[in-house]
Amino acid sequence: MNIKNYINGEFVNPIKNQWIDNYNPSIGEVYGKIPNSSEEDVEKAYQAAKNAFPSWSKTTLNERSAILSKISFLIKDKLEFLAKAESKDNGKPLTLAKAVDIPRASSNFQFFANAITQFASEAHESVGLNAVNLTLRHPIGVVGCISPWNLPLYLFTWKIAPAIAAGNCVVAKPSEVTPMTAFLLGEICNEAGLPKGVLNIVHGLGSTTGQAIVSHPNIKAISFTGGTSTGARIARIAAPMFKKLSLELGGKNPNIIFADCDYDKMLETTVKSSFANQGQICLCGSRIFVEESIFDRFKVDFIKKVSNLKVGIPVDPETNVGALVSKSHLEKVNSYIAIAEAEGGEILFGGHEVNVEGGENGYYLQPTIIEVKSNKCKLNQEEIFGPVVTIMSFKNEEEALTLANDVPYGLSATLWTNDLNRTMTMTQEIQAGIVWVNTWLMRDLRTPFGGIKSSGVGREGGFEALRFFSEPKNICIEYK
Ligand code: NDP
């Protein structure tokens, strides 16, 4: 099936008629083509967005909210269809796409449909000066949204929903590796009555199509989720043009386990936080630190649980671990496993590709546990973004904190303890944008989401996203 660009409410071929293969990673075969869009396609999308802006930015909040709610409803209504498309395109288990990816894409639209009706302007009375200040928030204009392949529709809509809710028009690009559900979203937007040109989706390579969005002088804000090095490249291009930038980048998140935790709950959750979505979630706890007194017990129990995970084809309801997203990504993850031993690491479980029935040429890898001796090794310092976790023991809170913070990243962290004082001191010292205590990946969409250090700049979620996608203007009125 050939995917097309969605520009001005219509599905169109790329101007230069160039195409890229789209792979089904669960069988390693091409199953369609996607546009290899050029600068000209991005310009066409920009013009459509620019023309739609004057009218869209003046729609009432109720009108916008109603359209966003309709999109949310239609996503939910097509859950089965969208989940199958997502799973085929990405390799993730169908059960996961049904339970997480598609419901969350629907929630993103519903959340911002509601949030925009509650997003208030501010007034400051300058007491004694006979003046009042209004702070109004206007939409920016045309904005760019660029998303990665790991949670395709989930992260694509996490940007688009607040952008259009705030009255902007959008030129968006999903990852070239997983374009399908973004393409299907176009049809949903038409069905929901989103006016032409409010959302434009251009498919293609990051280095050309993505870069053309970032370099466009009149696309005034860029919301990007992806790798840290891509984020740095985008920042270099965007900074001299003074664009607003929101960068959600990589992570190397610590999962810190104290002996006083609820052990069974911790074990169960740690299996998920290590290997959900084949470990391809920026929030996965890829560095596990365990208090010395329970380290040996944890190793035995964790290996046992992980060995029960079924690596299989995404459509099998029993599958826990599906295919990695692409051959090149599989090779990247494998290259880290290869250096483990050279770095003094010991592979406690996994480490090999798996031949899966029904997916013989697919990109399957065993969930892999590696015991490392030092946090300084590459395995602990660099983002692997696959089904690979490292484990290490620690002696006390101080050492746990040092290990947790000793990475360039600062996206999220998980802490397992039932000690209130420890919880309070450690959560304040851990260098991360999000800290979960006795849970993982529990999300309240009102909360700010994002990282510090090399994990990014800015926050998404709740009113933070609406603030990002709007420009504040102070109006000061003096009266007699
Ligand atoms: P990439 O950085 O390779 O790509 C992300 C997106 O940017 C894709 O759409 C990509 O297109 C595009 N892109 C690539 N190069 C450029 C460029 N020069 N200019 C503009 N756009 C470009 O990341 P991945 O897709 O490999 O995703 C994995 C990464 O995303 C991991 O590092 C992960 O941690 C991070 N991530 C962060 C999250 C967070 O919230 N902090 C959440 C999820 C993932 P194409 O695919 O076509 O190359």
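Everything quoted here is computed from the prediction, not taken from an experiment.

**Topic: the overall build of the protein**
Counting its secondary structure elements, the protein contains 15 helices and 22 strands. Against the globule reference of 23 Å for 480 residues, the protein gives a C-alpha radius of gyration of 23 Å, in line with a compact fold. Seen through its C-alpha atoms, the protein measures out along the principal axes to roughly 70 × 65 × 40 Å. Partitioning the contacts of the protein with sequence separation of at least 6, the portion at a separation of at least 24 is 74%. Total accessible area computed for the protein in this model is approximately 19400 Å², and 52% of it derives from carbon and sulfur atoms. Taking the 47 positively charged and 50 negatively charged side chains of the protein as two groups, their mean positions are separated by 6 Å.

**Some remarks on the sheet that holds strand β5 (residues 122-126)**
A sheet is described by the order of its strands in space; here 3 strands give the open sequence β5-β6-β22, paired in antiparallel fashion. The outermost strands of the open sheet, each flanked by one partner alone, are β5 and β22 (470-478). Pairwise comparison of adjacent strand axes, ignoring direction, gives a mean angle of 20° for this sheet. Two elements, β5 and strand β6 (residues 131-139), share 5 bridges in a ladder whose sense is antiparallel. Counted as the bridge partner of Ala 123 is Leu 134 from β6.

**Thoughts on the pattern of salt bridges**
In total, this model carries 18 salt bridges according to the counting rule given. Sharing partners across several salt bridges, the network here consists of Glu 80, Lys 84 and Lys 98.

**Re helix α1 (residues 39-56)**
Given 3.6 residues to a turn, an α-helix orients residues that are three or four positions apart in the same direction. With 18 residues, α1 should cover 26 Å at 1.5 Å per step; its first-to-last C-alpha distance of 25 Å lies within 8% of that length. By the burial criterion, the buried members of α1 are Asp 41, Val 42, Ala 45, Tyr 46, Ala 48, Ala 49, Ala 52, Phe 53 and Trp 56. Buried residues of α1, seen end-on, are gathered within an arc of 165° and therefore sit on one face of the element. Opposite the packed face of α1, turned more than 90 degrees from it, sit the exposed residues Glu 39 and Asn 51.

**A word on the site of the ligand**
For the ligand, the set of nearby residues contains 32 residues, the closest of which are Glu 176, Thr 230, Leu 249, Cys 282 and Glu 383. One of the side-chain N or O atoms of Ser 175 is found 2.8 Å from an oxygen atom in the ligand. In this structure, a nitrogen atom belonging to the ligand sits 2.7 Å away from a main-chain N or O atom of Leu 249. In terms of residue count, the dominant contributor to the shell around the ligand is helix α7 (residues 206-215) (4 residues).

**Details of the nonpolar core**
Within the largest apolar cluster, 97 residues are counted, with the highest numbers of intra-cluster contacts made by Phe 112, Ile 160, Leu 185 and Leu 199. Ile 256, Leu 330, Ala 340 and Leu 379 belong to the second-largest nonpolar core, a separate cluster that totals 28 residues.

**Observations regarding α7**
Taken together, the buried positions of α7 are Thr 209, Gly 210, Ala 212, Ile 213 and Val 214. In this fold, the buried residues of α7 make contact with α1, β7 (142-146), β8 (169-173), β10 (221-225) and α8 (228-238).

**Some points on the packing of aromatic side chains**
Applying the stated criterion to the full structure yields 10 aromatic pairs. Ring centres of Tyr 6 and Phe 11 lie 5.2 Å apart, and the angle between their planes is 40°; this geometry places the pair in the tilted category. Accessibility expressed as a relative area gives 2% for Tyr 6, which makes it buried. With relative accessibility at 28%, the residue Phe 11 sits in the partly exposed group. Both rings, one in Trp 149 and one in Phe 385, keep their centres 5.3 Å apart while their planes meet at 70°; by these two values the pair is edge-to-face. Here the residue Trp 149 occupies a position in the loop between β7 and α5 (152-165), and Phe 385 occupies one in the loop between α12 (378-381) and β16 (388-394), the gap between them amounting to 236 residues. Here a set of aromatic residues connected by ring pairs shows up, and it is made of Tyr 6, Phe 11 and Phe 183. The residue whose ring lies beneath Arg 422 is Phe 258, and the NZ or CZ to ring-centre distance is 3.9 Å.

Analysis parameters
- Residues numbered from 1 in each chain as written.
- Predicted model: local features only at pLDDT ≥ 70, side-chain atom pairs only at ≥ 80, totals over all residues.
- Heavy atoms only, no water.
- Helix = DSSP H or I, 4+ residues; strand = E, 2+ residues; numbered from the N terminus.
- Rg over C-alpha atoms; globule rule 2.2 N^0.38 Å.
- Contact = heavy atoms within 4.5 Å.
- Areas by Shrake-Rupley, 256 points an atom, 1.4 Å probe, with all protein chains shown as cover.
- Lys, Arg positive; Asp, Glu negative; His and termini not counted.
- Charge placed at Lys NZ, Arg CZ, Asp CG, Glu CD.
- Pairing = 2+ DSSP bridges.
- Axes fitted to C-alpha atoms, helices over the stretch in contact; angles between N-to-C directions.
- Salt bridge = Lys/Arg side-chain N within 4 Å of Asp/Glu carboxyl O.
- Expected span 1.5 Å × (residues − 1).
- Buried < 20%, exposed > 50% of the residue type's maximum accessible area, 1.4 Å probe, protein only.
- Arc of directions from axis to C-beta.
- Near = heavy atom within 4 Å.
- Polar contact = N/O pair within 3.5 Å; in protein donor to acceptor, adjacent residues only side chain to side chain.
- Core = buried A, V, L, I, M, F, W, Y, C linked by side-chain atoms within 4.5 Å.
- Phe/Tyr/Trp six-rings, centres within 6.5 Å; stacked < 30°, edge-to-face > 60°.
- Lys NZ or Arg CZ within 6 Å of the ring centre and 35° of its normal.

Worth remembering: the numbers are spatial, not functional.
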